[in-house]
Amino acid sequence: MDLDTITSVLRPRRTNDLPAWREGDAWLAGGTWLFSEPQPALARLIDLSGLDWPAAEISDTGLSLSATGTIAALDRLALPRDWVAAPLVGQCCRALLGSFKIWNRATVGGNLCTALPAGPMIALAVALDGTCVILRPGGGERHVPVLDFVLGPQRTALVPGEILRRIDMPAAALQRRTAFRRISLSPGGRSGALLIGTRGRAGGFALTVTAATPRPVRCSFADLPDAAALRAAIEAAIPEGGWYDDVHGAPDWRRHVTGLLAEEIREELAR
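Residues numbered from 1 in each chain as written. Predicted model: local features only at pLDDT ≥ 70, side-chain atom pairs only at ≥ 80, totals over all residues. Heavy atoms only, no water.

Caption draft 1: Expanded view of the overall build of the protein. On a plain count of helices and strands, the protein comes out with nine helices and 14 strands. Its C-alpha atoms give the protein a radius of gyration of 19 Å, near enough to 18 Å, the size a compact globule of 271 residues would have. Its C-alpha atoms put the protein at 55 × 45 × 30 Å along the principal axes. Sorting the 271 residues of the protein into buried and exposed places 49% on the buried side. Look at the contacts in the protein between residues 6 or more apart in sequence, and 61% of them connect residues 24 or more apart. In the structure as shown, the protein presents an accessible area of about 12,900 Å², 52% of it carried by carbon and sulfur atoms. (Helix = DSSP H or I, 4+ residues; strand = E, 2+ residues; numbered from the N terminus. Rg over C-alpha atoms; globule rule 2.2 N^0.38 Å. Buried < 20%, exposed > 50% of the residue type's maximum accessible area, 1.4 Å probe, protein only. Contact = heavy atoms within 4.5 Å. Areas by Shrake-Rupley, 256 points an atom, 1.4 Å probe, with all protein chains shown as cover.)

Written out as structure tokens, the structure reads:
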């Protein structure tokens, strides 16, 4: 969609060249959401692609994903053999419905910052203990867990002028076993519920619920719970009225399928 209120587009080459934030500005990464609907409040775009941040960095401490790295680049990433959670990356990439054009333009950071309940990069980052590294206006940075970064549909912890720089995920999280479940109302539909379970070598278990709720929810246990304990934890974490309601699924359906998928995950990780 043409954005006919835009009067200028800047493309800084270094972080130090980023302009002072002003009302009517927007950061431009992939732009797949930005150009999908009118943006009458915007007057200037600041294109972050010229900064050439590496899409991903792998080290002994874990995995760092650049906010400007694309979904396609993430899906192609070769991860260390002992990171048994590696298949989860591809599963979450494929949960983002779209053409090859979308895959090659949409960014990891854009998926988080748009903060739609069905954002699969949100699910991936929460399940793997991701931390957002945020650049502050004027210099410096702050760190926010991805679980606390997404506040609700299209609401994040960012304040005007801040930029999501990268998402850090520790190696310990990538060495956990994982189980992935996703459901939608139609084969090509947006996620109505997307759940990820993880289990550590020492026995710890965590369940991440997204798409079915306005913001990500995580239930953690010292060891694998039984079915009743897991069900009770979900009910405590997502009270009545806490289920998302839109054309992609009614709250009662989302509550029901979340319970079914959570039990499937528990049984899979019990083996």
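Caption draft 2: Focus on the sheet that holds strand 14 (residues 217–221). The four strands are arranged 11-12-13-14 in an open sheet whose pairing can be described as antiparallel. Pairing within the sheet leaves two strands with one partner each, and these edge strands are strand 11 (177–183) and strand 14. Across this sheet, the average inter-strand angle for adjacent strands is 10 degrees, counted without regard to direction. For strand 13 (residues 205–210) and strand 14, the ladder comprises five bridges, and the chain directions are antiparallel. In the strand pairing of strand 14, valine 209 is matched with valine 217. The strands touched by helix 5 (residues 120–127) are strand 12 (193–199), strand 13 and strand 14; relative to strand 12, the strand with the most contacts, the crossing angle is about 20 degrees. In this fold helix 8 (residues 227–237) packs onto strand 13 and strand 14, with an angle of close to 140 degrees to the strand it touches most, strand 14. (Pairing = 2+ DSSP bridges. Axes fitted to C-alpha atoms, helices over the stretch in contact; angles between N-to-C directions.)

Caption draft 3: Seen up close, the pairing of strand 3 (residues 44–47). Neither face of strand 3 is exposed, since Arg44 and Ile46 on one face and Leu45 and Asp47 on the opposite face are all buried. As defined by bridge partners, strand 1 (residues 8–10) adjoins strand 3 across three bridges and the pair is classed as parallel. Residue pairing for strand 3: valine 9 is matched across the bridge by leucine 45. Here strand 2 (residues 25–28) runs beside strand 3; their pairing, made up of four bridges, is parallel.

Caption draft 4: Quick peek at the side chain of serine 184. One can find serine 184 in the loop between strand 11 and strand 12. Side-chain polar atoms of serine 184 contact the backbone oxygen of serine 186, separated by 2.5 Å. (Polar contact = N/O pair within 3.5 Å; in protein donor to acceptor, adjacent residues only side chain to side chain.)

Caption draft 5: Region of the structure containing the side chain of threonine 107. Topologically, threonine 107 is positioned in the loop between helix 3 (100–103) and helix 4 (108–114). Within the structure, the side chain of threonine 107 is placed 2.9 Å from the backbone nitrogen of glycine 110, a separation counted as a polar contact. The residues contacting threonine 107, other than those within four sequence positions of it, are Ala29, Gly30, Ala67, Thr68, Gly69, Thr70 and Ile71.

Caption draft 6: Geometry of unusual backbone geometry. Unusually for a residue other than glycine, aspartate 52 sits at a positive phi of about 55 degrees. As for its placement among the helices and strands, aspartate 52 is situated in the loop between strand 3 and strand 4 (56–59). The exposure class assigned to aspartate 52 is exposed, which follows from its relative accessible area of 61%. The backbone of alanine 211 shows a phi angle near 70 degrees, a positive value even though the residue is not glycine. The topology assignment puts alanine 211 in the loop between strand 13 and strand 14. On the basis of relative accessibility, which here comes to 2%, the residue alanine 211 falls in the buried class.

Caption draft 7: Local environment of the sheet that holds strand 1. Spatial ordering of the open sheet is given by 1-3-2, a layout of three strands whose pairing is parallel. The sheet is open, and its two edges are formed by strand 1 and strand 2, each paired on a single side. Looking at each pair of strands side by side, their axes are set apart by 25 degrees on average, direction ignored.

Caption draft 8: Geometry of the packing of helix 8 against helix 9 (residues 251–270). The geometry of helix 8 relative to helix 9 is characterised by a closest axis approach of 10 Å and an angle of 140 degrees between their N-to-C directions. Considered as vectors, helix 8 and helix 9 are oriented oblique to each other. Of the two elements, helix 8 crosses helix 9, and the hand of that crossing is right-handed. In this structure, helix 8 contributes Ala227, Leu230, Ile234 and Glu235 to the contact, and helix 9 contributes Arg255, Thr258, Ala262, Glu263 and Arg266. Among the residues making up the contact of helix 8 with helix 9, the classes are represented as four nonpolar, one polar and four charged. (Parallel < 35°, antiparallel > 145°, perpendicular 65-115°, else oblique. Left-handed = near helix turned anticlockwise from the far one by under 90°. Nonpolar A, V, L, I, M, F, W, Y, C, P; charged D, E, K, R; others polar.)

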